[in-house]
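Structural characterization, general
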Amino acid sequence: EAIEVIERQAEKMSVLINRLLDITRLDQGTQKIVRENTDLSQLVTILCEEQQEGKRGIHLSWEIQPEIMAWVDVFLYSRVFQNLVDNGYKYGRENGIILVKLKKQNGFGILSVTDDGPGINPEDQEKIWQRFYQVDASRGEGTGLGLGLSMVRQIAGLHGGKAWVESVPGKGSTFFVSVLLENRKNESY
């Protein structure tokens, strides 16, 4: 039993170290970002299908506008999606719903993830983007590291966009990530 506890803690430490390394590499510009012309609609649909097997009885549904093309780093964009959906499963109401949407708006691709969890107080809505900040560990199942949303905002910025939240305490939250939809050649940096 003690060995199992040590194993679980070692796995948590490994995840923490890897996320910190990823953030540091992005900060310092040492992580190579490889943009490729990507059908975001197809990518998000595939990611939704992969995440459909929910936790805590939560149902994942999606509304994807077709043929939204953008020059993105597919791995990093997938990480954005994963972080937001994981938060939805963590903080959403048991047997509730997560709704993923993707649409074009004013030259941007806008990804949104809505949960029906406890929501976030207005005074905490900007703080959640800070590294290691957690509103309240008791809000959801398990505890996170407080790094996911910081990384989401950082990746959005690297793609010419931004990340923000709209939330009503007691009614849930919607997280948004925009990606600039410009025609650019494949770039690495």
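Report on the accompanying structure. Please read these numbers as outputs of a predicted model, since none were measured by experiment.

**Digging into the nonpolar core**
If you look at the biggest cluster of nonpolar residues, it comprises 36 residues, and the most contacted ones within it are Val44, Tyr77, Leu84, Val100, Leu111, Trp129 and Phe175. Of all the secondary structure elements, the ones that give two or more residues to this core are helix H2 (40–51), strand E3 (69–72), helix H3 (74–91), strand E4 (97–105), strand E5 (108–115), helix H4 (148–158), strand E6 (163–168) and strand E7 (172–180). Once you skip the residues sitting within four places of it in the chain, Tyr77 turns out to touch Leu40, Leu43, Val44, Val72, Leu102, Leu111 and Val179.

**Some points on the side chain of Gln125**
When you line up the elements, Gln125 lands in the loop between E5 and H4. Filtering out sequence-adjacent residues up to four positions away, Gln125 remains in contact with Ile120, Val165 and Ser167.

**Details of unusual backbone geometry**
For Glu67, which is not glycine, the phi dihedral falls at a positive 60 degrees. In the Ramachandran plot, Asn106 falls in the positive-phi region, its phi being about 50 degrees despite a non-glycine side chain. Relative to the helices and strands, Asn106 resides in the loop between E4 and E5. Using a relative accessible area of 71% as the deciding quantity, one classes Asn106 as exposed.

**Observations regarding H2**
The α-helix advances 3.6 residues per turn, and as a result positions three or four apart in sequence lie on the same side. Between its terminal C-alpha atoms H2 stretches 16 Å, which fits the 16 Å expected from twelve residues at 1.5 Å a residue. Turning to H2, its buried residues number three or more, namely Leu40, Ser41, Leu43, Val44, Leu47, Cys48 and Gln51. For H2, the angular spread of buried residues about the axis comes to 165 degrees, placing them on one side. Opposite the buried face of H2, by more than 90 degrees, sit the exposed residues Gln42 and Glu50. As for H2, its buried residues are in contact with strand E1 (36–39), strand E2 (59–64), E3, H3, E4 and E5. A side-chain oxygen of the first residue of H2 lies 3.1 Å from the backbone nitrogen of Ser41; this N-cap is Asp39.

**Quick notes on the pattern of salt bridges**
Scanning all chains against the criterion turns up three salt bridges. Salt-bridge contacts for Arg93 lead to Asp116; the nearest nitrogen and oxygen are separated by 2.9 Å. Residue Arg93 is found in the loop between H3 and E4, and its partner Asp116 is found in the loop between E5 and H4; the two are separated by 23 residues along the sequence. What makes Asp116 buried here is its relative accessible area of 15%. Close ionic contact of Arg153 with Glu126 constitutes a salt bridge, the shortest N to O distance being 2.6 Å. One end of the pair, Arg153, is in helix H4; the other, Glu126, is in the loop between E5 and H4, and 27 residues separate them in sequence. Arg153 sits in the partly exposed class, given a relative accessible area of 27%.

Rules used throughout
Residues numbered from 1 in each chain as written. Predicted model: local features only at pLDDT ≥ 70, side-chain atom pairs only at ≥ 80, totals over all residues. Heavy atoms only, no water. Core = buried A, V, L, I, M, F, W, Y, C linked by side-chain atoms within 4.5 Å. Buried < 20%, exposed > 50% of the residue type's maximum accessible area, 1.4 Å probe, protein only. Helix = DSSP H or I, 4+ residues; strand = E, 2+ residues; numbered from the N terminus. Contact = heavy atoms within 4.5 Å. Expected span 1.5 Å × (residues − 1). Arc of directions from axis to C-beta. Polar contact = N/O pair within 3.5 Å; in protein donor to acceptor, adjacent residues only side chain to side chain. Salt bridge = Lys/Arg side-chain N within 4 Å of Asp/Glu carboxyl O.

Remember that the coordinates give geometry; whether it matters functionally is a separate question.
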